[in-house]
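Observations on the model geometry
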Amino acid sequence: MAGVGDLALNFGGLMRKDAVFNPQKLVFGVPVSSHGVCLNTRKFVRASNSRIGVQAVMQVGVESSELSRDSNSFGGVLGFDVVSEVELREKGFLGMRKTKLVCTVGPACSSSEDLEKLAMGGMNVARLNMCHNTREWHQDVIRKIKKLNQEKGYCVSLMIDTEGSQIHVVDHGAPSSVKAEDGSIWFFTDEKFEGTRPFTIQANYEGFAEGTNVGDEIVFDGGMATFEVVEKIGNDLRCKCTDSGLLLPRAKLSFWRDGKLVSKNHELPTLSSKDWSDIEFAISEGVDFIAVSFVNDADAVTYLKNYLSTKSIKSIKVLAKIESLEALRKLEEIVEASDGIMIARGDLGVEIPLEQIPTVQEEITYVCRQLNKPVVVASQLLESMVEYPTPTRAEVADISEAVRQYADALMLSGESAIGPYGQKALSVLRLASSRMELWSREEKGQNGLFQHTNIGVSLPDKIAEQICNCAAGMANSLGLDAIFVYTRHGQMASLISRNRPNPPIFAFTNDSSTRMALNLQWGVTPLLVELSDDMESNIEKSIHLIKNKGLIKNGDTVLIVSDIIPTSTAQTLFQSVQVKTIS
């Protein structure tokens, strides 16, 4: 790589570990102000284990890309998904949506035609809620989505969401909802029976009524309907409806006394026997994410990740759902242990005062960004669209606020799963998030970047982190068109995404699991390609292929980052930043 000047820095020894996360102690990294700065770092493994030597080279100069016409060794086919390619062609680099969209698949959208419409509409991740439907139904949906990916060029990741250990209504397979009228008397039981009985609620958990007193309240799904306990009959309860509403299948039950929540779920394990059966199913079907419900500490997440590492041949990411007061108390340890977080605002809103939900959401999002974990904002984003074709203005404002907080992803639940307007709801998410991203970018300007705590532990990790911080700063301050990352495991793409830069991030990887995992990262478009040990060849061939598709033109300037480790020189770690002008 040619340059007009260079600065070589040599470091020896180890850097101090920052073992404790401190939100008040934020370090951005190394400031960069020169146009066309190029960084290279190399780690040399020495015979002595007590010393690590690092050489960092900074080269100043902007390179033009003189492209090779031979693309055979690169596979000849660029791994763009059809949606990203259309979006880039129509809107250009800065017009690409950065907030990812998750859709829950249910009876209303489980056909191949409906799934393709959601994929074309911007669905990045398809979520399967294991509380509902049969194993065969879930398997059918998974195979339909994989077929769309393989045969039609989409890139939709798969997520299963465990049921979790919770007290809920048993799904009888009856109509989607039953109306409970004010003053009506209902019988709550843990008796097992098939079908339905008039005015009878079957709970899934034996002993659900233990510790419940006459006068206590039972609330459905955080307030959909409320009942007062008027009589205890053995292990069952006779209750009067005090707030009428819809009783949905698998609705979650919470118990209240004198205005305070009576916690019962703490007596149950995080992962039930059904959850473990669903996890085995997820492994066999090769899903990309497992979202774990009702996580109260890091232990269950750590155990599951270790289990998956020994049982699954592909990498499956574990997301922890934050939906309890106990989880909030242990938030940082849960975030550190997990591969991502889902803010389940519906259940969380049962356990904390409603007025605290906005600030808690913002705090969780902030912690996730500091610790470089993707965060999904879920529950009731467009709840009115379960019944109506247009959202409330307050719902659009709620979406915009989550985007302003730079959440990685937004999620539809019942809106897509059971509502008749799922595609319209997805369109609202897409349009509202794109508009808010544009406004935030204009407000932030070219130089605005987030400050972060340092999370790297090993010296190479710390170097990679600083390189990514600098790269994002350069991309913004130089007004570059795009960021290209060549990565096998996605770490540097994730670190750049953490900075929320203005240009889109294109992550070139030869690992399909990495590609599907990056589908949940803000601003990252993952591309599956063949990568060789020759980085200059990788760069030239990928740019050539993009140019041939008409997606990049002469004069466009891209920043290039790589963490490819050449297999032929296993002792050397190459990390670099380049700026190239297409010609």
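The structure displayed is predicted, hence computed values, not measured ones.

In terms of helices and strands, the protein carries 16 helices and 26 strands. Within the protein, buried positions represent 55% of all 583 residues. Nonlocal contacts in the protein, meaning residues at least 24 apart in sequence, comprise 72% of its contacts between residues at least 6 apart. Surface exposure of the protein reaches about 24,800 Å², of which carbon and sulfur atoms provide 51%.

In spatial order, the strands read E5-E6-E7-E17-E18-E19-E20-E21; together these eight strands close into a barrel with parallel pairing. Across the sheet, the mean angle separating the axes of adjacent strands is 25 degrees when strand polarity is ignored. Looking at chain direction, strand E6 (residues 125-129) and strand E7 (residues 157-161) are connected through five bridges and run parallel. Its bridge partner lying in E7, arginine 127 is registered against methionine 159. Of the strands in this sheet, strand E18 (317-322), strand E19 (340-344) and strand E20 (375-378) are in contact with helix H9 (residues 357-370), which crosses E19 at around 175 degrees.

On to the confidence of the model for the protein. With 82% of its residues at a pLDDT of at least 70, the protein reaches an overall mean of 83. Throughout residues 1-76 the model reports pLDDT below 50, and contacts reaching past four residues in sequence, or to other chains, amount to 170 contacts.

Let us now look at the sheet that holds strand E10 (residues 200-202). Taking strand neighbours across the sheet as the criterion, the seven strands line up as E10-E9-E13-E12-E11-E15-E16 in an open arrangement whose pairing is mixed. In this open sheet, the two strands that pair with only one neighbour each are E10 and strand E16 (260-262). Across the sheet, the mean angle separating the axes of adjacent strands is 35 degrees when strand polarity is ignored.

Looking now at the pattern of salt bridges. Summed over all chains, the structure comprises 27 salt bridges. Between arginine 127 and aspartate 161 there is a salt bridge, with its nearest N and O atoms 2.9 Å apart. Here arginine 127, found in strand E6, pairs with aspartate 161, found in strand E7; they are 34 residues apart in sequence, far enough to count as distant. Like arginine 127, the residue aspartate 161 is buried in the burial classification. Taken together, the shared-partner salt bridges connect Arg135, Glu163, Lys274 and Asp278 into one network.

This paragraph deals with the side chain of arginine 498. As for its position among the elements, arginine 498 is in helix H14 (residues 491-498). In this structure arginine 498 comes out as buried when scored by relative accessible area, which is 1%. For arginine 498, the side chain forms a polar contact with the main-chain oxygen of glutamine 370, separated by 2.6 Å. Those residues in contact with arginine 498 that sit more than four places away from it in its chain are Arg369, Gln370, Asn372, His452, Thr453, Ile455 and Glu465.

With that settled, the discussion passes to a negative patch on the surface. Negative charge collects at one region of the surface, where Asp299, Glu332, Glu333, Glu336 and Glu363 lie side by side. Sort the elements by how many residues they give to the negative patch and helix H7 (residues 331-337) lands first, with three residues. Mapping glutamate 363 onto the fold places it in helix H9.

Put simply, helix H2 (residues 112-120) and helix H12 (residues 422-444) touch, their axes get as near as 10 Å, and they point 10 degrees apart. Taken together, the axis directions place H2 and H12 in an arrangement best described as roughly parallel. Packed against H2, whose contacting residues are Asp114, Lys117 and Leu118, the element H12 presents Gly422, Gln423 and Leu426 at the interface. Broken down by class, the residue content of the contact of H2 with H12 amounts to two nonpolar, two polar and two charged.

This part covers the pairing of strand E21 (residues 409-412). On a regular strand, each side chain points to the face opposite its neighbour's, so the side chains alternate between the two faces of the sheet. The side-chain alternation of E21 yields two buried faces, one formed by Ala409 and Met411 and the other by Leu410 and Leu412. Relative to E21, E20 is paired through two bridges, and the arrangement is parallel. Residue pairing for E21: valine 377 is matched across the bridge by leucine 410. Since E20 and E21 lie parallel, the crossover through helix H10 (residues 393-404) that links them has a hand, and here it is right-handed.

With that out of the way, let us pick up the environment of valine 292. Structurally, valine 292 can be placed in strand E17 (residues 289-292). When the C-alpha atoms of valine 292 and leucine 304 are compared, they prove to be 9.4 Å apart, with twelve residues separating the residues in sequence. Setting aside its immediate chain neighbours within four residues, valine 292 contacts Thr162, Thr270, Leu271, Leu304, Val318, Leu319, Ala320 and Lys321.

Below, the discussion takes up the packing of aromatic side chains. This model, assessed by the stated rule, comprises 13 aromatic pairs. Arranged with centres 5.9 Å apart and planes meeting at 80 degrees, the rings of phenylalanine 93 and phenylalanine 506 form a pair that is edge-to-face. Of this pair, phenylalanine 93 sits in the loop between helix H1 (82-91) and strand E5 (100-104) while phenylalanine 506 sits in strand E23 (residues 505-509); the two residues are 413 residues apart in sequence, bridging distant segments of the chain. Of the residues examined, phenylalanine 506 reaches a relative accessible area of 1% and is grouped as buried. Both rings, one in phenylalanine 484 and one in phenylalanine 508, keep their centres 5.2 Å apart while their planes meet at 70 degrees; by these two values the pair is edge-to-face. You can see phenylalanine 484 sitting in strand E22 (residues 482-486) and its partner phenylalanine 508 sitting in strand E23, a full 24 residues away along the chain. Each member of the pair phenylalanine 484 and phenylalanine 508 is classed as buried.

So, about the layout of surface pockets. Here the largest pocket defines a volume of roughly 1,200 Å³. Every residue lining the largest pocket is counted, 50 residues in all, and those nearest its centre are His132, Asp221, Leu248, Gly414 and Ile418. Breaking the lining of the largest pocket down by element, the ones donating at least two residues are E6, E19, helix H8 (345-351) and helix H11 (414-417). The residue inventory of the lining of the largest pocket, partitioned by class, reads 19 nonpolar, 18 polar and 13 charged.

Parameters at a glance
Residues numbered from 1 in each chain as written. Predicted model: local features only at pLDDT ≥ 70, side-chain atom pairs only at ≥ 80, totals over all residues. Heavy atoms only, no water. Helix = DSSP H or I, 4+ residues; strand = E, 2+ residues; numbered from the N terminus. Buried < 20%, exposed > 50% of the residue type's maximum accessible area, 1.4 Å probe, protein only. Contact = heavy atoms within 4.5 Å. Areas by Shrake-Rupley, 256 points an atom, 1.4 Å probe, with all protein chains shown as cover. Pairing = 2+ DSSP bridges. Axes fitted to C-alpha atoms, helices over the stretch in contact; angles between N-to-C directions. pLDDT = per-residue confidence, 0-100. Salt bridge = Lys/Arg side-chain N within 4 Å of Asp/Glu carboxyl O. Polar contact = N/O pair within 3.5 Å; in protein donor to acceptor, adjacent residues only side chain to side chain. Patch = residues over 30% accessible without salt bridge, like charges linked within 9 Å, V, L, I, M, F, W, Y side chains within 5 Å. Lys, Arg positive; Asp, Glu negative; His and termini not counted. Charge placed at Lys NZ, Arg CZ, Asp CG, Glu CD. Parallel < 35°, antiparallel > 145°, perpendicular 65-115°, else oblique. Nonpolar A, V, L, I, M, F, W, Y, C, P; charged D, E, K, R; others polar. Right-handed = clockwise from strand over helix to strand, strands pointing away. Phe/Tyr/Trp six-rings, centres within 6.5 Å; stacked < 30°, edge-to-face > 60°. 1 Å grid on protein atoms, 1.4 Å probe; cavity = no way out; pocket = protein on both sides within 12 Å on 5 of 7 lines; lining within 4 Å. Points joined across faces, edges and corners; volume = space filled by probe spheres on them.

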